[in-house]
Amino acid sequence: MTGEQFGDIVAQEMYREPGGPGGEAVLRDVLRDVLAQGRAVLGDGRYETLVCVGEIDSVPVVTFTAPWGVREVPGVSPAASYLRHLGAGLLAAGAWEYEMVASYLAGCPGAAGCWSEREILELLRSGDRGGSGGSAGGGDVGGASGAYGGERVAVTRLRGWPPPSS
């Protein structure tokens, strides 16, 4: 994903016009701030905080999130289809078997106390038999996103960064 594409997604999540006033120049300045300081707060809305969480192969990994922590908002139980989607991604990574993925997801905020390991394990296995489970895939995007426990997270590798100087 390019920095410009990331900027468009961030703008949409902030209910702003993609490529809005100042467009690329504003995005370039904001991303430089995020990379230099690790964080940039663009407002007090849900997804108006950008955070650089590190690098992968010398490519910055940037996410957008809310300025508040997960424990500061009431949890929301995830839908079965969303748990299948998360589980599919974890399984596709290849490090964990079904039981470990189910155990992990059952202990996460939102799911804990609402979904048992057994129920999640059944969801994951039903997704393998053509259920409505999501699929993990990297394609050329290099990121993942989703809503969990009332909080949205998107981690994106910014390809083509830094942009050419103007």
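Values in this document were obtained by computation on a predicted structure and should not be read as measured data.

J.: Explanation requested: the overall build of the protein in the structure shown.
T.: Per the secondary structure count, the protein includes five helices and five strands. Along the protein, helices (α) and strands (β) appear in the sequence α-α-β-β-β-α-α-α-β-β when read from the amino end. Per-residue burial over the protein gives 34% buried out of 166 residues. Of the accessible surface of the protein, which amounts to about 9400 Å², a share of 53% is contributed by carbon and sulfur atoms.

J.: Could you clarify how one ought to interpret the packing of aromatic side chains in this entry?
T.: What characterises a pair of aromatic rings is the spacing of the ring centres plus the angle enclosed by the ring planes. With the rule as written, the count across this model stands at two aromatic pairs. Taken together, a centroid distance of 6.1 Å and an interplanar angle of 75° make the contact between Tyr47 and Phe64 edge-to-face. Of the two residues, Tyr47 sits in the loop between β1 (39-41) and β2 (49-56) while Phe64 sits in strand β3 (residues 59-65), which places them 17 residues apart along the sequence. Ring geometry for Trp96 and Tyr104: centres 5.2 Å apart, planes at 55°, overall tilted. Assessed through its relative accessible area of 41%, Tyr104 is described here as partly exposed.

Quick notes on the rules
Residues numbered from 1 in each chain as written. Predicted model: local features only at pLDDT ≥ 70, side-chain atom pairs only at ≥ 80, totals over all residues. Heavy atoms only, no water. Helix = DSSP H or I, 4+ residues; strand = E, 2+ residues; numbered from the N terminus. Buried < 20%, exposed > 50% of the residue type's maximum accessible area, 1.4 Å probe, protein only. Areas by Shrake-Rupley, 256 points an atom, 1.4 Å probe, with all protein chains shown as cover. Phe/Tyr/Trp six-rings, centres within 6.5 Å; stacked < 30°, edge-to-face > 60°.

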